Amino acid sequence: MSNVIEAKDIFAQGGSVADLRLLCCPGAEELTNLIDRHLMRWAAESEETEPKSFIIPCECPRFQSGDAKGMVKDSVRGDDIFIVVDPGNYSVTYKLFGYENHMSPDDHFSNLKRLIQAVAGKAHRVSVIMPSLYGGRQHRREVRESLDCAVALQELQNMGVKNIITFDAHDPRVQNAVPLLSFDNAMPTYQVLKSLLRKMPDLSFDKNDFMVVSPDEGAMSRNMYFSSVLGCNLGMFYKRRDYTTVVNGRNPIVAHEYLGESVEGKTVFVADDIVASGDSMLEVARELKKRGAARIIADATFPLFTSGLGKFDAAVEEGVLDFMVGTNLTYRKPELLQRDWYLDVDVSKYAAYFVLALNHDISVSAIADPIRKIEALLASHAQQKQ
């Protein structure tokens, strides 16, 4: 780890491409403030004076008709601008003809474009931090249907955006739509493992005690990564669907079929990018329990819980699920954060590393190499257990 550069040293050495500034789309305040706090701390450690916030005040006010505009309230000329947006934050509301309307992902993406317009080409460079990729679940065409994410990325490229930072994209191949645009897809694997070991310091990753299981074929790559770095075995489920029927825009799942070795008596870790209704995750958990799994830990980068928390409360009470891991990369219901079975993982520091690295045109791995961090974390865990 000796060749990894400290973040404070990067500030001390200078060499930024331009003055670093943050813009926050409505609904992304929590993550933006956390990123800003890390940047301010690193800057303070490199200087004698306390730095000011990197955030430039901005807003997207609405007219009563629902029309909106983007406003940036300070000069951005020559600055290296990073705009943070959370397309999944449905808690943000605005008045529409006297009615309270909740913002959709489309509204958030429009606000992002409004702030890019407000910058008006005066910035040295514009980068976008979009942890939950807008339209990311619609990543390929199977019938006559739109390709929302690909078109959105092309729109941002045409508006002059130079870098896009996202996390755990549903299918990172969507970046093929903009092959000349800098596109970083970060995985919060280290942050999840670190939080997991804090909650369960006695957790064993031995092959006889622990196993990683993918909930479906689409989640195989992230689960393969977990199993590889942990040195444990991997299993998977595949979804048998009824392709003659469409319910709520998708073919219903007939059954979850399991492929892999026995999970009997083991702690099973199941990772996915999104938990929406949660039906698939809970069905997988029940199938694992039927097969004799001792403990089941579910992990989702974006814990949306679109159908509420009742099903998960019941699953935990029944012993089907032990607990759920999620991140702060999108909006979480306040009641979710109060659940004993939910573990919230802070990924803001990792996002701040990306901002700092891009601002100084250096590799992110030079500041925070996730593989080395995971190796050091597991070595420390093994030493503590001895």
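Look a little higher up for the structure.
Described below are features of the structure shown in this document. Only a predicted model underlies this, so the values are computations on that prediction, with no experimental measurement involved.

A look at the packing of aromatic side chains
- By the definition in use, this model includes 14 aromatic pairs.
- Ring geometry for F167 and F354: centres 6.4 Å apart, planes at 75°, overall edge-to-face. Here F167 is found in strand 8 (residues 161-167), whereas its partner F354 is found in helix 10 (residues 348-359), with 187 residues between them in sequence. Taken individually, F167 and F354 each receive the classification buried, so the pair is uniform in this respect.
- With centroids separated by 5.9 Å and ring planes inclined at 20°, the aromatic side chains of F312 and W341 adopt a geometry described as stacked. Here the residue F312 occupies a position in helix 8 (residues 310-318), and W341 occupies one in the loop between helix 9 (334-337) and strand 16 (342-345), the gap between them amounting to 29 residues. W341 matches F312 in its accessibility class, with the two residues each being buried.

Some details on the sheet that holds strand 9 (residues 182-186)
- Taking strand neighbours across the sheet as the criterion, the five strands line up as 1-4-7-8-9 in an open arrangement whose pairing is parallel. Whereas interior strands pair on both sides, the edge strands pair on one side only; in this sheet they are strand 1 (20-24) and strand 9. Across the sheet, the axes of successive neighbouring strands diverge by a mean angle of 20°, strand direction being ignored.
- Relative to strand 8, strand 7 (residues 125-129) runs parallel, the two sharing four bridges. Residue pairing for strand 8: I129 is matched across the bridge by I165.

Calculation criteria
Residues numbered from 1 in each chain as written. Predicted model: local features only at pLDDT ≥ 70, side-chain atom pairs only at ≥ 80, totals over all residues. Heavy atoms only, no water. Phe/Tyr/Trp six-rings, centres within 6.5 Å; stacked < 30°, edge-to-face > 60°. Helix = DSSP H or I, 4+ residues; strand = E, 2+ residues; numbered from the N terminus. Buried < 20%, exposed > 50% of the residue type's maximum accessible area, 1.4 Å probe, protein only. Pairing = 2+ DSSP bridges. Axes fitted to C-alpha atoms, helices over the stretch in contact; angles between N-to-C directions.

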